Amino acid sequence: MTKLVTIGWLTIDDIVQGDTVQRDVLGGGALYSAVGARIWNDSVGVHSVTGRRHLDLVRADIEGFGLDSRGIETIDGNGLQLWLLHENDRDKQQVPKLSSSTAAEMDEGRGTLPDFYANAQGFHIAPQGPTSSLANAVHLAGLPGRPVVTLDLLSDGYIDASLYRDLSFLHHLSAFLPSEAEILRIWRPDDLEAWVRAQATEHGCTIAVKLGERGSFVCVPGERRLVQIPAFPARVVDTTGAGDSYCGGFLAGLAEGRPPEVCAAMGTVAASYVVEACGALRTVRPTPDDRAARLAHVMSRLVSTDL
């Protein structure tokens, strides 16, 4: 049985950094979150689609990293093709190519969860169209095994992020894992930490907020505290996929029954390996000792703040 499954988009990216362009790099939230989960768990599958002509290569590359590719199907066309444009060391944007399939085509083509993943212990709903994200949350929460379910979202201009404004979907989740920028863009709270605590309490859902190079913080429903998790001092090559891999590491911890702050630290460690490479499948798979050392470093620097 595959223990953890990520659900979302695979992309074929052209990465532009300064004067260099890397062509046809396999990426996407479903893959990066699976890589982050694979840092901690050796049984991880991906449920996604790609363009028909890419299928054999995509499956072979993903299997080569030790991931289960049975859940990857095809759609007509090229799949989701993106330009990843790095404007500086911190800021980047992604732009669909003219030859790309649409977000809606990706979500519709992926279809329902395959039966061979139905008994997984945990699922991460990676960024995808909001209609698809919300439908997956309802479906996964209703599975007989009552798996762990986490969700990240997308607020880019080519999707309608306003569909997330009604936060009742949090009732279906074990943890919600947005970025600070996404919260500010969609819900526009005056006080981020107070807003997160209020939503976690109202909906009974752990919320971890990704803060980029500042790390993350976690709020657990019913607890009058926030736990700040610092970023690991990695040798940064490319920040693409850092947030997604954090989610994968978080899922791995939550499926093992770890406390949320430990899950967040595991996510931080997963992201630290991803940013040290350019491309999801070029990420180093660490030894258990190296992984444990990074986790200990992060855990020793947690800060708990009473609310």
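Here goes a summary of the coordinates provided. Only a predicted model underlies this, so the values are computations on that prediction, with no experimental measurement involved.

### Overview of empty space enclosed by the protein
Here comes step 1: Following the criterion strictly, the structure yields one cavity of 30 Å³ or more and no others.
Here comes step 2: Lining of the largest cavity is provided by Val 218, Cys 219, Val 220, Glu 223, Arg 225, Val 227, Pro 260 and Glu 261.
Here comes step 3: Looking at side-chain class alone, the lining of the largest cavity contains five nonpolar, no polar and three charged residues.

### Description of the sheet that holds strand β11 (residues 206-210)
Here comes step 1: A sheet is described by the order of its strands in space; here 10 strands give the open sequence β5-β4-β1-β8-β9-β10-β11-β12-β13-β14, paired in mixed fashion. Edge positions in the open sheet fall to β5 (72-75) and β14 (303-306), since each of these has one partner strand only.
Here comes step 2: Bridge count between strand β13 (residues 225-229) and β14: four bridges; the pairing is antiparallel. The residue bridging Val 227 from the neighbouring strand is Ser 304, located in β14.
Here comes step 3: Across the sheet, helix α3 (residues 103-110) touches β1 (4-7), β4 (44-51) and β5, and the angle it forms with β4 is around 125 degrees.

### What about the sheet that holds strand β2 (residues 11-17)?
Here comes step 1: Strand order in the open sheet made by the four strands is β3-β2-β6-β7, with mixed pairing throughout. The open sheet has two edge strands with one neighbour each: β3 (20-27) and β7 (92-96). Put simply, the sheet's adjacent strands are angled 25 degrees from each other on average, direction ignored.
Here comes step 2: The pairing of β2 with strand β6 (residues 80-86) spans seven bridges and is classified as parallel. Across the sheet, the residue bridging to Ile 15 is Leu 84, located in β6.

### A closer look at the pairing of β11
Here comes step 1: Counting buried positions along β11 gives five out of five residues, so the element sits mostly inside the fold.
Here comes step 2: Residues Thr 206, Ala 208 and Lys 210 of β11 are buried on one face, and the alternating residues Ile 207 and Val 209, pointing to the opposite face, are buried as well.
Here comes step 3: Bridging between strand β10 (residues 175-176) and β11 involves two bridges; their strand directions are parallel. Bridge pairing in β11 places Phe 176 opposite Ile 207.
Here comes step 4: Hairpin connection, β11 to strand β12 (residues 216-219): the antiparallel pair is bridged by five residues, and Gly 212 has positive phi, about 65 degrees.

### Regarding unusual backbone geometry
Here comes step 1: Even without being a glycine, Asp 24 presents a positive backbone phi close to 55 degrees.
Here comes step 2: Mapped onto the elements of the fold, Asp 24 is located in strand β3.
Here comes step 3: Taking the relative accessible area as the measure of exposure, Asp 24 reaches 56% and is therefore exposed.
Here comes step 4: Here Arg 188, not a glycine, exhibits a phi torsion of approximately 55 degrees, which is positive.

### A few points about the nonpolar core
Here comes step 1: Leu 31, Trp 40, Ile 62, Leu 67 and Phe 250 are the most contacted members of the largest nonpolar core, which has 50 residues in total.
Here comes step 2: At the level of elements, α1 (29-38), β4, α2 (55-64), β13, α7 (242-255), α8 (260-274) and α9 (288-299) are the ones that each hand at least two residues to this core.
Here comes step 3: For this core, the element with the most residues is α8, which contributes 10 residues.
Here comes step 4: Every residue in contact with Trp 40, bar those within four places of it in the chain, is listed here: Gly 249, Ala 252, Glu 256, Met 266, Val 269, Ala 270, Arg 291 and Leu 295.
Here comes step 5: With 47 residues, the next largest nonpolar core counts Ala 103, Leu 140, Leu 151 and Ile 183 among its residues.

Criteria and thresholds
- Residues numbered from 1 in each chain as written.
- Predicted model: local features only at pLDDT ≥ 70, side-chain atom pairs only at ≥ 80, totals over all residues.
- Heavy atoms only, no water.
- 1 Å grid on protein atoms, 1.4 Å probe; cavity = no way out; pocket = protein on both sides within 12 Å on 5 of 7 lines; lining within 4 Å.
- Points joined across faces, edges and corners; volume = space filled by probe spheres on them.
- Nonpolar A, V, L, I, M, F, W, Y, C, P; charged D, E, K, R; others polar.
- Pairing = 2+ DSSP bridges.
- Helix = DSSP H or I, 4+ residues; strand = E, 2+ residues; numbered from the N terminus.
- Contact = heavy atoms within 4.5 Å.
- Axes fitted to C-alpha atoms, helices over the stretch in contact; angles between N-to-C directions.
- Buried < 20%, exposed > 50% of the residue type's maximum accessible area, 1.4 Å probe, protein only.
- Core = buried A, V, L, I, M, F, W, Y, C linked by side-chain atoms within 4.5 Å.

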